[in-house]
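Tertiary structure, described
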Amino acid sequence: MTGFINVGFGNMVNGDKIISMVSTEAAPIKRLIQNARDEGKAVDATCGRRTRTVLIMESGHLILSALTTDTLSARCHGKKNDMSEGEEDE
């Protein structure tokens, strides 16, 4: 059981419901984000920052995070991470 994971700026998601975490670099992911926005299934947790990671949830919702996949992966596995949120947001 993973519990809740901070995806940035005090926003939390249920780690047990995450299917995958993907970077936003690829065009298919950008299309996936746009489709989710059109369907009302995108949750923007970036607080106006650049989206770096998309969490795909069991429900079909997408969570948009300003944190990197490495940071979120470390948080899922409970590892200590020396980068703060402010250092990643350029």
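In what follows, the accompanying structure is described. (Residues numbered from 1 in each chain as written. Predicted model: local features only at pLDDT ≥ 70, side-chain atom pairs only at ≥ 80, totals over all residues. Heavy atoms only, no water.)

**Describing the overall build of the protein chain**
To keep things clear, this is the line we draw: Numbering goes from the N terminus for both helices and strands, where a helix is a DSSP run of H or I of at least four residues and a strand is a run of E of at least two. Buried means the residue's accessible area, taken with a 1.4 Å probe over protein chains only, is under 20% of the maximum for its type, while exposed means over 50%, and partly exposed covers the values in between. Residue contacts are defined here by distance: any two heavy atoms, one from each residue, within 4.5 Å place the two residues in contact. Only the protein chains shown count as cover for residues, with accessible areas throughout obtained via the Shrake-Rupley method and a probe of 1.4 Å.
When helices and strands are counted, the protein chain shows three helices and six strands. Its helices and strands taken in sequence order, the protein chain reads β-β-β-α-β-β-β-α-α from the N to the C terminus. When the 90 residues of the protein chain are sorted by exposure, 36% land in the buried category. Residue pairs at least 24 apart in sequence account for 50% of intrachain contacts in the protein chain once pairs closer than 6 positions are excluded. Total accessible area computed for the protein chain in this model is approximately 5,400 Å², and 50% of it derives from carbon and sulfur atoms.

**Describing the pattern of salt bridges**
Definition in use: By definition here, a salt bridge exists when the distance from a side-chain nitrogen of Lys or Arg to a carboxyl oxygen of Asp or Glu is within 4 Å.
Evaluation of the coordinates by the stated rule reveals two salt bridges. For Glu58, the salt bridge goes to Lys17, with nearest N and O atoms at 3.8 Å. Taken together, the positions of Glu58 in the loop between strand S5 (53-57) and strand S6 (62-65) and Lys17 in the loop between strand S2 (11-14) and strand S3 (18-23) put the pair 41 residues apart, joining distant regions of the chain. Assessed through its relative accessible area of 39%, Lys17 is described here as partly exposed. As a salt-bridge pair, Arg50 and Glu25 come within 3.9 Å of each other at their nearest N and O atoms. Here Glu25 lies in the loop between S3 and helix H1 (27-39) and Arg50 lies in the loop between strand S4 (42-44) and S5, a separation of 25 residues in the sequence.

**Let's talk about the side chain of Ser65**
To keep things clear, this is the line we draw: N or O atoms within 3.5 Å of each other form a polar contact, as long as, within protein, one can give a hydrogen and the other can take it, and as long as residues adjacent in sequence are counted only when both atoms are side-chain atoms.
Tracing the backbone through its elements, the reader meets Ser65 in strand S6. Side-chain polar atoms of Ser65 contact the backbone nitrogen of Leu67, separated by 3.1 Å. Excluding residues within four positions of it along the chain, Ser65 makes contact with Val7, Thr46, Arg50, Thr51, Arg52, Thr53, Leu55 and Leu72.

**Things to note about helix H2 (residues 69-76)**
Defined as follows: Note: the arc covers the axis-to-C-beta directions of the helix.
Among all positions of H2, only Thr71, Leu72 and Ala74 are buried. Buried residues in H2, looked at end-on, bunch into an arc of 160 degrees, giving them a common side. Taken from the residues just after H2, Gly78 is the one with a positive phi, measuring 70 degrees.

**Looking at the sheet that holds S5**
The line we're drawing: DSSP-based pairing: two strands are paired if at least 2 bridges between them are found. Where helices are involved, their axes are fitted lines through C-alpha atoms of the stretch in contact, as for all axes, and angles between N-to-C directions lie from 0 to 180°.
Strand order in the open sheet formed by four strands is S3-S5-S6-S4, with mixed pairing between adjacent strands. Each edge of the open sheet carries a strand with a single partner, namely S3 and S4. Each neighbouring strand pair of the sheet contributes to a mean axis angle of 20 degrees, computed without reference to strand direction. As defined by bridge partners, S5 adjoins S6 across four bridges and the pair is classed as antiparallel. Residue pairing across strands places Leu55 opposite Ile63, the latter belonging to S6. Sitting on the sheet, H1 is in contact with S3, S4, S5 and S6, with an inclination near 115 degrees to S6. Strands S3, S5 and S6 of the sheet are contacted by H2, whose axis makes an angle of about 155 degrees with S3.

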